[in-house]
Amino acid sequence: MQWEVVIGLEIHTQLATQSKIFSGSATTFGSEPNTQASLVDLGMPGVLPVLNAEAVRMAVMFGLAVGAHIGQRNVFARKNYFYPDLPKGYQISQMDHPVVGKGYLDITLEDGTIKRVGITRAHLEEDAGKSLHEDFNGATGIDLNRAGTPLLEIVSEPDMRSAKEAVAYVKAIHALVRYLGICDGNMAEGSLRCDCNVSVRPKGQAEFGTRCEIKNVNSFRFIERAINHEVQRQIELIEDGGRVVQETRLYDPNKDVTRSMRSKEEANDYRYFPDPDLLPVVIEDAFIEQVRSALPELPPQKVERFQRQYGLSPYDAAVLAASREQADYFEAVAAIGGDAKLAANWVMVELGSLLNKLGIDIDQAPVSAELLGGMLLRIRDNTLSGKLAKMVFEAMAAGEGNADQVIEAKGLKQVTDSGAIETLLDEVLAANTQQVEQYRAADEAKRAKMFGFFVGQAMKASKGKANPGQVNEWLKRKLEG
Amino acid sequence: MALERSDVEKIAHLARLGLNDADLPRTTDALNSILGLVDQMQAVDTQGIAPLAHPLEASQRLRPDQVTEHNQREAYQAIAPATENGLYLVPKVIE
Amino acid sequence: MHELTLAQIARGLADKTFSSEELTGALLARIAEHDGRLNSFISVTAERALAQARAADARRASGETGALLGAPVAHKDLFCTHGVRTTCASRMLENFEAPYNATVVEKLDAAGMVTLGKTNMDEFAMGSASENSHFGPVKNPWNLEHVPGGSSGGSAAAVAARLLPASTGTDTGGSIRQPAAFTNLTGLKPTYGRVSRWGMIAYASSLDQGGPLARTAEDCALLLQGMAGFDPKDSTSIDEPVPDFSAGLNTSLEGLSIGVPKEYFSPGLDPRIGDAVQATVAELQKLGARVVDISLPNLGHAIPAYYVIAPAEASSNLSRFDGVRFGYRCEHPADLTDLYKRSRGEGFGAEVQRRIMVGTYALSAGYYDAYYVKAQQVRRLIKNDFMAAFEQVDVILGPTTPNPAWKIGAKSADPVAAYLEDFYTITANMAGLPGLSMPAGFVDGLPVGVQLLAPYFQEGRLLNVAHRYQQVTDWHRRSPEGF
């Protein structure tokens with residue numbers, strides 16, 4: 001049987017506010033346990049929440065960026081359940097009146113096609129603390145530093161049809177929240193976490209199959225693997241005559257399996273009701289317009305502009321605009337180097353593979369945009385050949401200074417003096433008289449193949465410093481004389 | 001519709017209240033008595049009436065995004081039943 | 001000295017007739033002598049009080065003035081007090097020392113008030129008799145076999161017995177006004193949002209409001225002045241200017257329109273209390289007021305709706321008492337669920353558990369619309385009734401309670417019997433309106449209270465009417481025998 005996969009995602013993004021959503025505690029990651037847990041975060045008797053304006057502003061930014069309706073009257077509700085990382089015994093969240101209503105996000109798939117993914121809603125809520133399961137004499141330790149960190153929960157429509165589409169969507173959300181500056185996107189620290197709702201149905205069937213929710217998948221790679229694994233599990237289950245049971249599952253990346261979460265299996269009755277400690281948040285049109293006018297350029301506009309302004313291909317523009325940091329880096333290099341296509345090439349190819357090799361992001365790149373742009377100037381004024389430039393780039397990455405310093409220190413200046421090149425070529429030809437004769441006797445097709453030999457010899461003799469263009473030109477002239 | 005003993009057990013579990021078996025009949029009676037009072041409200045015609053959650057119907061005031069709280073773990077944990085290494089302790093949580 | 005009102009104390013301290021330390025010492029001695037019979041205090045903070053009194057005397061000596069500087073007060077034991085335990089009269093918080101002060105406490109401390117202690121109450125403010133206390137029931141000084149009302153019963157009994165001139169209370173469905181009525185005091189529930197709820201341990205957040213209990217309206221004005229005001233820590237606190245409550249006390253009642261709802265004279269009302277209400281109306285007419293018959297058609301639906309809304313909010317508010325970060329924790333929990341169930345089952349008393357269960361049920365899947373939403377709709381009908389009434393009249397007048405204080409234990413068997421006694425008071429909480437109860441007579445030697453309600457933010461009007469009434473009557477000056 002042909003199966004169709006249906007995926008919807010709930011993405012929790014921690015908003016990059018200074019203080020928590022309902023208290024004045026810091027939101028810094030990695031502090032000593034419970035040192036960022038105030039009276040409010042601890043749910044002490046008698047305390048009250050007061051909403052952080054910045055969290056609301058950030059939610060509105062997101063809503064506008066996904067073309068969503070912004071709720072004008074937003075109600076916070078209590079979601080009641082007992083869990084040790086939830087100090088009050090309820091989570092303050094939103095139920096009926098979220099800040100962000102229906103919207104959408106266009107994602108670019110691997111084959112270059114654009115797919116529109118619906119966003120059902122996005123709402124503000126508070127994060128929970130953390131349970132530390134290391135053994136404290138048979139006990140679990142609770143750290144409430146994270147409790148009360150603002151979250152924007154972004155709920156998608158079940159619009160994705162493969163794990164790859166799901167990953168592309170998460171990447172697009174990741175890029176968007178970073179573009180907006182509302183989330184640092186650090187998945188390793190849990191700043192962006194994903195719950196995947198997965199179901200399968202026979203191809204052509206209109207109704208959805210029973211879904212399972214995979215909780216807290218925290219890297220792009222794991223999202224793909226967890227979904228694929230869950231899809232496989234469900235298909236096998238059905239094909240073996242079984243039935244998928246709606247449940248919450250946990251992905252174990254070490255074993256590459258999903259397993260049922262017993263603790264969440266109890267019938268949940270969250271008893272949502274409007275939080276009587278908080279009043280409805282009224283968002284005025286004027287505020288929405290003010291936020292709209294301050295929105296940064298977003299990926300789709302940026303891709304369009306890169307093509308228009310720099311003459312880049314749609315593919316290159318999309319790659320460079322994939323993250324705000326990369327786009328900014330590229331633009332800085334292009335501005336300094338004065339050649340956008342050259343800049344695009346270097347950022348995507350050489351810098352890209354270096355970052356890949358080091359496993360780091362562009363904001364930690366060992367070669368700054370200033371350094372790279374400076375080097376491009378030396379390529380453009382013919383000081384450096386492509387090959388020399390790669391050597392200079394490596395040296396800059398190793399911290400050996402800027403392009404001019406490296407060129408100076410290593411004597412990498414390209415030889416462009418035509419007299420010197422002529423002398424060099426004469427020496428090369430004199431040392432290879434046999435090959436010269438063969439060349440001259442050969443037909444056009446063979447000559448083309450043999451020409452490379454002489455270029456190689458010449459470059460070798462010049463230790464790579466001879467200007468390749470000039471070498472080509474003079475060689476042709478001398479051989480065909 | 002009167003609550004049965006099993007309903008009361010379910011409610012008590014949701015509320016995480018450990019009831020004595022001996023108290024259950026009395027608790028069930030008391031809850032039914034209260035719900036009997038409450039159910040008189042069902043006779044009121046509330047068609048088209050918007051629920052009123054807050055008496056004054058004001059709107060939420062927002063707080064500027066500033067860090068105003070600082071570490072007071074020692075003072076706050078002095079009143080905690082069980083802590084270790086700055087963590088609150090609970091019986092082992094199984095996920 | 002114990003007969004002095006706050007206003008008289010303010011004059012005495014200003015005139016240097018006595019010092020705060022002398023006064024405090026005298027009152028502490030009175031508490032030591034008499035409170036054994038009343039059980040109105042959970043904690044008496046003698047050392048702290050004397051230190052505060054000396055500090056107040058020093059402030060006055062350095063030229064500072066202020067009506068509350070050096071004056072004594074006691075707080076209902078649900079206002080968090082840093083350094084003094086705050087129990088909510090519950091085993092759950094028997095040893096709970098809040099690491100911070102409630103805003104009300106902070107403000108009154110700053111004004112220089114001397115806190116004599118924390119007063120007994122119904123556990124987590126759930127009750128109308130102050131019988132549901134882990135620390136034992138409070139007695140009514142007018143008759144020790146009777147309840148003082150609740151939930152602020154300790155605050156009321158202590159002031160009625162002249163152990164101190166005034167105290168703080170909270171009112172979620174009548175918990176200031178009803179004990180004031182039962183003990184011959186003046187008690188005021190301000191407009192919702194007038195007094196900060198920060199540090200006031202919540203029962204039902206959309207209904208709770210702190211306020212003063214004292215022997216006179218004049219004293220209520222003084223204490224409310226110290227308690228009221230916008231608080232950025234409470235999102236539901238109202239950013240409205242606080243008027244000078246004392247300034248308008250003597251305003252003439254000439255032309256004042258008083259609405260008396262016909263629904264108030266229901267079969268449940270003790271006719272002798274009905275008579276007291278009529279007598280009060282007559283007295284106010286002599287002062288220039290005119291009486292208008294009005295109607296509050298949805299009055300009868302208030303109790304059922306209230307007993308959904310308050311327990312629903314309470315069931316969630318009290319979830320934080322889980323034995324993890326503060327408060328009672330059961331011995332040797334077997335697992336997490338056992339920790340929760342036994343800590344809460346052993347830590348909360350029966351009435352608290354009942355209300356948590358009612359609220360849990362009302363919010364649970366399948367019942368939410370029929371109970372919670374329905375109750376909030378009824379709540380709007382009740383508010384609408386008042387809005388219509390206040391189109392016609394300046395204040396609404398009626399009994400505070402249908403009956404005088406009952407005997408201790410008389411309504412313990414059936415919780416609903418006690419709930420029905422809230423008939424007159426809870427509507428003000430549902431609508432968020434200010435309400436005041438003032439002494440208006442006696443039935444069988446027990447005090448009777450009359451309640452006044454006013455539009456939002458018009459506490460000053462209530463205090464004005466009560467003060468003028470107290471200028472021409474002496475019910476409020478009567479003191480219980482033996483105290």
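Note that the structure is a prediction, hence the values are computed from the model and not measured. (Residues numbered from 1 in each chain as written. Chains lettered and ligands numbered in written order. Predicted model: local features only at pLDDT ≥ 70, side-chain atom pairs only at ≥ 80, totals over all residues. Heavy atoms only, no water.)

Considering the overall build of chain C
Our working definition: Strands here are runs of E lasting at least two residues and helices are runs of H or I lasting at least four, both read from the DSSP assignment and numbered beginning at the N terminus. Values of the radius of gyration come from C-alpha atoms, whereas the globule rule sets the reference at 2.2 Å times the count of residues to the power 0.38. A simple rule labels every residue: compare its accessible area, found with a 1.4 Å probe on the protein chains alone, to the largest value its type can have, and call it buried under 20%, exposed over 50%, or partly exposed in between. Throughout, a residue-residue contact means that at least one pair of heavy atoms, one from each residue, lies within 4.5 Å. Values of accessible area rely on a 1.4 Å probe in the Shrake-Rupley scheme; residue burial ignores everything except the protein chains shown. A positive count includes Lys and Arg, and a negative count includes Asp and Glu. His and the chain ends are not counted in either. The atom standing in for a charge is NZ when the residue is Lys, CZ when it is Arg, CG when it is Asp and CD when it is Glu.
Summing up its helical and strand segments, chain C has 15 helices and eleven strands in all. Relative to the 2.2 N^0.38 estimate, which gives 23 Å for 483 residues, the radius of gyration of chain C is 21 Å and therefore close to what a compact globule would have. Counting only residues that meet the buried cut, chain C has 69% of its 483 residues in that class. Considering only intrachain contacts with a sequence separation of at least 6, the fraction spanning at least 24 residues in chain C is 77%. Only carbon and sulfur atoms are counted for the fraction: they give 50% of the accessible area of chain C, which is about 13700 Å². Chain C carries 43 positive and 51 negative side-chain charges, and their two centres are separated by 1 Å.

A short note on the interface of chain C and chain B
For the record, the criterion: Take a side-chain nitrogen of Lys or Arg and a carboxyl oxygen of Asp or Glu: if they are within 4 Å of each other, that pair is a salt bridge. Whenever two N or O atoms come within 3.5 Å, that pair is a polar contact, provided that in protein one can donate a hydrogen and the other can accept it, and provided that, for residues adjacent in sequence, both atoms are side-chain atoms. Under the grouping applied here, Gly and all other residues not named as nonpolar or charged are polar, the nonpolar ones being Ala, Val, Leu, Ile, Met, Phe, Trp, Tyr, Cys and Pro and the charged ones Asp, Glu, Lys and Arg.
Each partner contributes residues to the interface: chain C has 68 residues there, and chain B has 48 residues. A salt bridge links Arg380 of chain C to Glu57 of chain B, with the shortest nitrogen-to-oxygen separation between them at 3.1 Å. Our enumeration of links across chain C and chain B arrives at 22 residue pairs in polar contact (both at pLDDT 80 or more). Tallying contributions element by element places helix α12 (residues 368–392) of chain C first for the side of chain C that touches chain B, with twelve residues. Its residues assigned to classes, the side of chain C that touches chain B shows 37 nonpolar, 17 polar and 14 charged.

Focus on the UniProt feature "active site" (unreviewed entry) in chain C
All names here are of chain C. We count it as follows: UniProt positions are given in the numbering used here, feature names are shortened, and annotations may be inferred rather than shown by experiment.
Per the UniProt record, the feature "active site" (unreviewed entry) sits at Lys76, Ser151 and Ser175. Look at the named residues: they lie 100 residues apart in sequence, but the longest C-alpha span between them is just 10.9 Å, so in the fold they bunch up. Within the element layout of this structure, Lys76 appears in strand β2 (residues 72–76). According to the relative accessible area criterion, Lys76 is buried, its value standing at 0%. Here Lys76 is in contact with Lys118, Thr119, Met121, Ala125, Ser151, Ser152, Ser155, Thr168, Gly169, Thr170 and Ser175, once residues within four sequence places are set aside.

Quick notes on the sheet that holds strand β4 (residues 166–171) of chain C
Residue and element names in this part refer to chain C. Rules: By this definition, two strands are paired if DSSP reports at least two bridges between them. Lines fitted to the C-alpha atoms define the axes, with helices restricted to the stretch that makes contact. Angles between their N-to-C directions range from 0 to 180 degrees.
Taken together, the eight strands give an open sheet; going across it, the order is β4-β6-β5-β10-β11-β9-β7-β8, and neighbouring strands pair in mixed fashion. A single partner strand is all that each edge strand has here, and the edge strands are β4 and β8 (290–294). Averaged over all pairs of adjacent strands, the angle between strand axes in this sheet comes to 30°, irrespective of strand direction. Looking at chain direction, strand β7 (residues 257–261) and strand β9 (residues 395–399) are connected through two bridges and run parallel. Opposite Gly259, over in β9, you have Ile396 as the bridge partner.

Brief notes about the nonpolar core
Among soluble globular proteins, nonpolar side chains are generally buried collectively. For the record, the criterion: Here the nonpolar core consists of buried residues drawn from Ala, Val, Leu, Ile, Met, Phe, Trp, Tyr and Cys, with membership extended through side-chain atoms lying within 4.5 Å.
Phe124 and Leu463 of chain C are the most contacted members of the largest nonpolar core, which totals 186 residues. Per-element tally for this core: the top contributor is helix α9 (residues 302–317) of chain C, with nine residues. What Phe124 of chain C contacts, discounting residues up to four positions off in sequence, is Cys88, Ser90, Met92, Leu93, Ile201, Tyr203, Leu318, Phe321, Phe348 and Val352 of chain C. One finds Phe22, Leu298, Met375 and Leu376 of chain A within the second-largest nonpolar core, a separate group that totals 109 residues.

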